[in-house]
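# Geometric and topological summary
Okay, here's what each chain looks like letter by letter:
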Amino acid sequence: MNEPTISQRKLLGIAGLGWLFDAMDVGMLSFLMAALQKDWNLTASQVGWIGSVNSIGMAVGALVFGLLADRIGRKNVFIFTLLLFSLGSGLSALTTTLAAFLALRFLIGMGLGGELPVASTLVSEAVPAKDRGRVVVLLESFWAGGWLLAALISYFVIPVYGWRTALWLAAIPALYAIYLRLRLPDSPRFAAAQKEETVWSNIVKVWSAPHRKETVMLWLLWFCVVFSYYGMFLWLPSVMVMKGFSLIKSFEYVLIMTLAQLPGYFSAAWLIERAGRKFVLVAYLLGTALSAYFFGTAESLVGLMASGIFLSFFNLGAWGALYAYTPEQYPTSIRATGAGMAAAFGRIGGIFGPLLVGSLVAQGVSVTMIFTLFCLSVLVAVLAVAVLGSETKQQELA
């Protein structure tokens, strides 16, 4: 039976809605952690485990579901990952112990981590070469909408109705997205591809001679970007407090910085088909590194806000380009496997980044030194792309 066709706009809307709910769940986590700490009298170490378990789940999910997507199809995995994290959110609203919450948070993390590389792979394969980069960056821009929604729910719902209500809300719209996805066709490239390889042979192929350079480049790029992103952005409110601002003011300032993500995405979407993937990645990552350095050294409010806004602008623009660039490195038979493995390796950086910041702060290391470390990490990603990366602008996928 032939799969139904779908317009670019509808595909972007359906995939983007899932991406938005994914971001909303991740964005709400920091607010949930604060609410749970108060409700359940958790220690700082126990609260830290909530974030870490989520990141571990995302790493496992990116790997497992990336492998599965090359075996049973992008659409099937796409729907399953969404179901996993939406039902997990709903069930976690019923928990009364930290152990049960952590177990569900691992499953939610698996769904969240699995959906992102599979979604970008599906959209990459369904869009013509001339539009592919732009559409995938626009898909990534839904992430900013999800974070904004998370902030609104956390601000208006959690203080009045409690964290359980917020988790119920996180489950409902994702189920609506599943309804939409039942009418979503699978990737035409996947449908036409030969699927005789085993999961293990696909893993071996990703590291075989024809793809080794691309794999090394992607793994370095993903690790450094995720390590620095989670290390910097999860700690932004705390850093503002360390710089001498009240908690309420720091939340306000971080929200203003977060709004700069959208023009970052849209400018990257405009540039990526004109200047190319390598240019956008290198330029936006260099912008991220410089902004991180100046944020770490800034003392005045004007300096902090300006560098924070540029940090959001360049970092999230680079994320958009990263999701566009990653699936283009591999042929259809191993595309989701390669993208999932790179994302999984990157998520390890997401586990260590925030833990490292906490450890360095506890040892009295200055904010300047910490952000200089993230600046250097991003520069490693720049070198990886500049030296090992090849331009894939408007190339037909293999």
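What counts, and at which threshold
- Residues numbered from 1 in each chain as written.
- Predicted model: local features only at pLDDT ≥ 70, side-chain atom pairs only at ≥ 80, totals over all residues.
- Heavy atoms only, no water.
- Helix = DSSP H or I, 4+ residues; strand = E, 2+ residues; numbered from the N terminus.
- Rg over C-alpha atoms; globule rule 2.2 N^0.38 Å.
- Buried < 20%, exposed > 50% of the residue type's maximum accessible area, 1.4 Å probe, protein only.
- Areas by Shrake-Rupley, 256 points an atom, 1.4 Å probe, with all protein chains shown as cover.
- Salt bridge = Lys/Arg side-chain N within 4 Å of Asp/Glu carboxyl O.
- Phe/Tyr/Trp six-rings, centres within 6.5 Å; stacked < 30°, edge-to-face > 60°.
- Expected span 1.5 Å × (residues − 1).
- Patch = residues over 30% accessible without salt bridge, like charges linked within 9 Å, V, L, I, M, F, W, Y side chains within 5 Å.
- Contact = heavy atoms within 4.5 Å.

Now for the overall build of the chain. The helix and strand inventory of the chain stands at 17 helices and 0 strands. Taken against the 2.2 N^0.38 rule, which gives 21 Å for 398 residues, the C-alpha radius of gyration of the chain at 20 Å falls within 12% of a compact globule. Here the C-alpha coordinates of the chain stretch approximately 60 × 45 × 35 Å along the principal axes. Split into buried and exposed, the 398 residues of the chain put 57% on the buried side. A total of about 15900 Å² of accessible surface is found on the chain, and carbon and sulfur atoms cover 71% of it.

Where side chains of opposite charge bring their charged atoms close, a pairing between them can arise. Across all of its chains, the model carries 9 salt bridges by this definition. In this structure, aspartate 25 engages arginine 105 in a salt bridge whose closest nitrogen and oxygen atoms are separated by 2.5 Å. Residue aspartate 25 is located in helix α1 (residues 8–40), and its partner arginine 105 is located in helix α4 (residues 98–126); the two are separated by 80 residues in the primary sequence. Each of the two residues, aspartate 25 as well as arginine 105, counts as buried. In this structure, lysine 130 and aspartate 131 form a salt bridge, with 3.1 Å as the shortest nitrogen-oxygen distance. A relative accessible area of 11% means that aspartate 131 is categorised as buried. Taken together, the salt bridges that share partners define one network made up of Asp70, Arg74, Glu125 and Arg335.

Now for the packing of aromatic side chains. Going through the model one piece at a time under the given rule, you end up with 22 aromatic pairs. Here the aromatic rings of phenylalanine 223 and phenylalanine 345 are separated by 5.4 Å at their centres, their planes lie at 40°, and the arrangement is tilted. Here phenylalanine 223 is found in helix α10 (residues 212–233), whereas its partner phenylalanine 345 is found in helix α16 (residues 335–362), with 122 residues between them in sequence. With a relative accessible area of 29%, phenylalanine 345 lands in the partly exposed category. Centroid distance phenylalanine 295 to phenylalanine 371: 5.1 Å. Interplanar angle 45°. Geometry classified as tilted. A residue pair is termed long-range when its members are at least 10 positions apart, and phenylalanine 295 in helix α14 (residues 277–297) and phenylalanine 371 in helix α17 (residues 367–388) qualify at 76 residues. An aromatic cluster of at least three residues, connected via ring pairs, comprises Trp207, Trp219, Phe223, Phe227, Phe295, Phe345, Phe371 and Phe374.

Across its 33 residues, α1 extends 46 Å between first and last C-alpha, which sits within 8% of the 48 Å expected from 1.5 Å per residue. Of the residues one or two after α1, asparagine 41 is the one with positive phi, at around 50°.

Where nonpolar side chains cluster on the molecular surface, the patch consists of Trp49, Ile56, Val60, Leu63, Val64, Leu68 and Ile72 and spans about 520 Å² of accessible area. Here isoleucine 56 shows up in helix α2 (residues 44–72). Overall, isoleucine 56 belongs to the partly exposed group, its relative accessible area being 32%.

Relative to the helices and strands, methionine 341 resides in helix α16. The exposure class of methionine 341 is buried, given its relative accessible area of 7%. Separated by 239 residues in the primary sequence, methionine 341 and leucine 102 place their C-alpha atoms 24 Å from one another. Among residues more than four places away in sequence, those in contact with methionine 341 are Leu63, Ile203, Val206, Trp207 and Trp219.

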